[in-house]
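# A closer look at the structure
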Amino acid sequence: MSLDLFLETDPTQLWQPNWTAYLNQLCLTALLPWFQSETPSAKTWVNANALPSFWEFVNGTAFTVNGLRFVVIPTESIDHDELRIPQEWIDLPTWAGDYYLAAQVEPDEGRVSVWGYATHHTVKTQGHLDFNDRTYCLTSDQLANPELIWLTSELCQPQLRAELAALPALSIEQANNLITRLSNPELLSPRLAVPFQTWGALIEHGGWRQRLYQSRQGITQPSILEWLQSGVSQLFNWERLELQPGYAAARSADLTAPTNVLSRVLEIAGQQYELQVIPQADQTWRFELHNLSPGGMVPGGFKLRLLTEDLQSFEGNEAIAQTSVESLSIEVALDPGEGIVWETEPLSEGYDREILRF
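Residues numbered from 1 in each chain as written. Predicted model: local features only at pLDDT ≥ 70, side-chain atom pairs only at ≥ 80, totals over all residues. Heavy atoms only, no water.

## Considerations on the sheet that holds strand E7 (residues 111-119)
Pairing within the open sheet is mixed, and its 6 strands lie in the order E1-E7-E6-E4-E3-E2. Only two strands of the sheet have a single partner each, and these edge strands are strand E1 (3-6) and strand E2 (43-44). Judged from the 8 bridges that link them, strand E6 (residues 99-106) and E7 form a sheet pairing that is antiparallel. Residue pairing across strands places Ala 103 opposite Val 114, the latter belonging to E7. (Pairing = 2+ DSSP bridges. Helix = DSSP H or I, 4+ residues; strand = E, 2+ residues; numbered from the N terminus.)

Next comes the structure, spelled out in structure tokens:
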């Protein structure tokens with residue numbers, strides 16, 4: 001049995017720069033409404049702007065539905081003999097899903113057919129890992145009927161996921177060397193060019209994955225200071241704003257003249273917040289989180305955290321709201337070229353680690 005879904009959009013309008021990305025975009029367009037018909041709050045696991053950096057290297061798109069992660073693996077093959085899942089979706093702890101769906105994509109027909117699914121635990125315990133292309137393989141008779149997936153998910157199987165060990169950490173120097181090596185456009189499959197644990201540790205870090213993707217696309221991302229000084233108003237998920245001295249954020253930063261700041265809107269626990277990065281004196285930067293609702297506060301227990309590029313803590317890197325507060329802020333001195341990673345707790349919706357380079 002298969003579940004047939006049809007695109008309401010002309011497939012040619014969804015074209016992506018590579019074929020894998022195109023198939024995944026078709027899957028995304030067809031399946032997201034289906035997921036949302038079950039749960040209106042269903043969404044892609046990461047922000048849509050981050051998806052091309054996944055599709056450049058790995059086939060598959062992850063969705064969050066009712067707190068569970070569904071990973072859809074598209075293919076054009078008309079044979080439903082097996083499901084082949086890239087190892088990254090199974091063995092990277094932060095990427096692993098609860099359910100894996102096999103999808104046949106027919107671009108000319110505007111149709112996506114979901115023909116089977118399996119849990120992470122099933123893939124790990126019953127699947128075969130093909131080391132040649134680093135995919136887990138399941139035969140069709142190991143897959144369940146997709147029409148039963150909602151009933152199965154509601155029953156909350158006792159063990160959806162198998163246990164996974166954390167990958168060894170990479171140093172900044174190791175990551176830089178890998179990105180330089182794997183950026184060669186003549187290297188058609190960088191994911192197979194280095195041992196899996198090394199590749200996994202690099203690609204699991206959203207900031208390093210984005211850097212590798214941009215480097216292979218010939219994109220050079222300016223430093224934050226260069227961008228704030230340029231005339232460009234938007235960069236990826238951020239926008240440049242001019243703060244006036246009378247604004248609350250400006251007063252808290254002791255600004256006496258208009259200044260350009262970095263601004264990003266986040267959704268956290270169902271409410272909208274703004275994260276601002278405000279330049280101070282002597283290469284110091286202020287990171288500030290506040291609620292965008294009129295009179296809104298940052299609830300007690302919320303955290304704003306900064307990490308080094310290789311995800312290490314440092315003194316004064318975390319601000320915690322002991323009770324409801326107007327804002328959370330951290331000031332940090334950064335050398336030119338230094339990178340910083342931000343995160344909130346709870347995590348913002350669609351969060352994917354990024355490196356802000358100053």
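## Some thoughts on unusual backbone geometry
Here the amide bond leading from Glu 345 into Pro 346 is cis, since omega sits at 5 degrees, within 30 degrees of zero. Its identity is not glycine, yet Asp 282 carries a phi of approximately 55 degrees, on the positive side. Its location among the elements puts Asp 282 in the loop between strand E13 (271-279) and strand E14 (284-291). Notably, Gln 283 is not glycine yet its phi reads approximately 60 degrees, a positive angle. Within the secondary structure layout, Gln 283 lies in the loop between E13 and E14.

## Quick look at the environment of Arg 111
Within the secondary structure layout, Arg 111 lies in strand E7. In this structure, the C-alpha to C-alpha distance between Arg 111 and Leu 7, residues 104 residues apart in sequence, is 6.2 Å. Apart from residues lying up to four places away in sequence, Arg 111 is in contact with Asp 4, Leu 5, Phe 6, Gln 104, Val 105 and Glu 106. A distance of 2.8 Å separates a polar atom in the side chain of Arg 111 from a polar atom in the side chain of Glu 106. (Contact = heavy atoms within 4.5 Å. Polar contact = N/O pair within 3.5 Å; in protein donor to acceptor, adjacent residues only side chain to side chain.)

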